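Close look at the chain arrangement
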Amino acid sequence: MSTCLLCLVLLFFSVVAEATYSPGGFHHLSSLRQKKKTSKSKPELPFETRYFPQNLDHFSFTPESYKVFHQKYLINSRFWRKGGPIFVYTGNEGDIDWFASNTGFMSDIAPKFRALLVFIEHRFYGESTPIGKKSHKSAETLGYLNSQQALADFAILIRSLKQNLSSEASPVVVFGGSYGGMLAAWFRLKYPHIAIGALASSSPILHFDKIVPLTSFYDAVSQDFKDASINCFKVIKKSWEELDAVTNKKNGLQELSKKFRTCKGLHSIYSASNWLSGAFVYTAMVNYPTAANFMAPLPGYPVEQMCKIVDGFPRGSSNLDRAFAAASLYYNYSGSEKCFEMEQQTDDHGLDGWQYQACTEMVMPMSCSNQSMLPPYENDYEAFEEQCMSRYGVKPRPHWITTEFGGMRIETVLKRFGSNIIFSNGLQDPWSRGGVLKNISSSIVALVTKKGAHHADLRAATKGDPEWLKEQRTQEVAIIEKWISEYYRDLREEN
């Protein structure tokens, strides 16, 4: 499921550390690499893989726009009967297999609804690259990477699939988590004639145009750790000064490389700083109640486990040593890593491409206050703009998303316009502070859980799931069932 969001981001730029976050991924502007080494083997999934020919550009009629690329999608028709509902996952910023393997909720409920399951990969990610490996090399081709083109891809593929199945009356419900959740909500608003409803999980659609405070993301990360242990919060907050002190020594980076057990000598303090902060941020995001392996293999409620490590050190121990030990839970829960690769990571989930979206439409500025446990910084939009110009030759459009999809005064606008959207959020997810947390109308509802993490509801059910998570999923099923029942009733009356 998305995180990915992988990612998915939904992101901010920290000019000092040269980093961006997305709901599906954490990338460095200098390296565009995943922070966690993972297996490159594809998960075994109960889906058939197919490819659909898509036009490069849906919004112009120049000869170039008719260039065709093949979009990957996954399909499972085991429980489906002709005329039955179609559940579509609107793919995030990464390999669709990754999201399908982490979105077990759809498979769990497919038998009840006799639903066809479809997971569509987002253009320019995974295998769905218009010009192969060269797709990300040029701003000329990357210009076709945006959310509007992606939504049109989804719409065209869904219509074609229904026609080929001779089941054009089948109701479609779209699902998505993180950036994929944003796409699901926007798809329902943009293409109501194709999808009867949307489940948008952990979708920070209000993280644009300063609708929410710039510090909200990091405030939430810090609150998660503070709730687990005040001492843990304080230790991590103090560790950055010790990190600076070590690197300011003669041969400081050499000492830090040894302390952090790096595979190769560090060239920059930012590598260590980002390695630490990345672990804390991602652990806050995926603070699931049961063991999981989304961003990394982790135990249930990993924030609490990190803080137990910090609090378990003897009095007088270095704050930096404690912070390193806690971060190691994220990168080495299995205990198999002999050393840590901090500067030469690989992109195992096909996330490359998000950085361009961050530099164009997905402009979600953030800052980190002095009250946070992470290093404070102020948002520097001018420096961000310069970085984007330097790398891609493009200027960000910070107001485009709210112009194209809305967001300002969303309660007033959608109350009179939209319908059939579930916005689900867990308050332990830092992205929740940019999400819809209150009901907008009787059919645009917010399902909020106090202890939920990043699209936890979309994960497959387990025996260890707490009651609050079971109840959230039960509510979602009931709402979707109502949408589908109303659709079939209207269809009968129409005929």
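Not measured: the values here are computed from a predicted model.

**Notes on the nonpolar core**
- Within the largest apolar cluster, 141 residues are counted, with the highest numbers of intra-cluster contacts made by Phe 87, Phe 175, Trp 186, Phe 187, Phe 225 and Phe 280.
- Top contributing element to this core by residue count: helix H9 (residues 269–285), with 9 residues.
- Other than its neighbours up to four places away in sequence, Phe 87 contacts Met 106, Ile 109, Phe 113, Ala 115, Leu 116, Leu 117, Val 118, Val 173, Phe 175, Ile 480 and Ile 484.

**Observations regarding the packing of helix H6 (residues 216–228) against H9**
- Where H6 contacts H9, the axes come no closer than 10 Å and their chain directions differ by 80 degrees. Relative to H9, the element H6 lies roughly perpendicular. For the pair formed by H6 and H9, the contact residues are Phe 217, Tyr 218, Val 221, Asp 224 and Phe 225 on the first element and Phe 280, Val 281 and Ala 284 on the second.
- Across the contact of H6 with H9, the residue classes tally to 7 nonpolar, no polar and 1 charged.

**Focus: the pairing of strand E13 (residues 421–426)**
- In terms of burial, E13 is largely enclosed, as 6 of its 6 residues are buried.
- Across the two faces of E13 the burial is the same, with Ile 421, Phe 423 and Asn 425 and Ile 422, Ser 424 and Gly 426 all buried.
- In terms of strand pairing, strand E10 (residues 197–201) meets E13 through 4 bridges, oriented parallel. By the bridge assignment, Ser 201 is partnered in E13 with Ser 424.
- In this structure, E13 lies alongside strand E14 (residues 444–449), joined through 6 bridges in parallel fashion. The residue of E14 that forms the bridge with Ile 421 is Ile 444.

**Observations concerning the sheet that holds strand E8 (residues 116–120)**
- Overall, mixed pairing links the 8 strands, which are arranged E5-E6-E8-E7-E9-E10-E13-E14 in an open sheet. Every interior strand has two partners, whereas the edge strands, strand E5 (48–55) and E14, have only one. On average, each strand axis in the sheet is inclined to that of its neighbour by 20 degrees, with strand direction left out of account.
- Across the face of the sheet, helix H5 (residues 179–190) comes into contact with strand E7 (86–90), strand E9 (172–177), E10 and E13 while running at roughly 150 degrees to E9.
- Across the sheet, helix H16 (residues 467–494) is in contact with E7, E9, E10, E13 and E14; its angle to E13 comes to roughly 170 degrees.

Here is what the cut-offs are and how they apply
- Residues numbered from 1 in each chain as written.
- Predicted model: local features only at pLDDT ≥ 70, side-chain atom pairs only at ≥ 80, totals over all residues.
- Heavy atoms only, no water.
- Core = buried A, V, L, I, M, F, W, Y, C linked by side-chain atoms within 4.5 Å.
- Buried < 20%, exposed > 50% of the residue type's maximum accessible area, 1.4 Å probe, protein only.
- Helix = DSSP H or I, 4+ residues; strand = E, 2+ residues; numbered from the N terminus.
- Contact = heavy atoms within 4.5 Å.
- Axes fitted to C-alpha atoms, helices over the stretch in contact; angles between N-to-C directions.
- Parallel < 35°, antiparallel > 145°, perpendicular 65-115°, else oblique.
- Nonpolar A, V, L, I, M, F, W, Y, C, P; charged D, E, K, R; others polar.
- Pairing = 2+ DSSP bridges.

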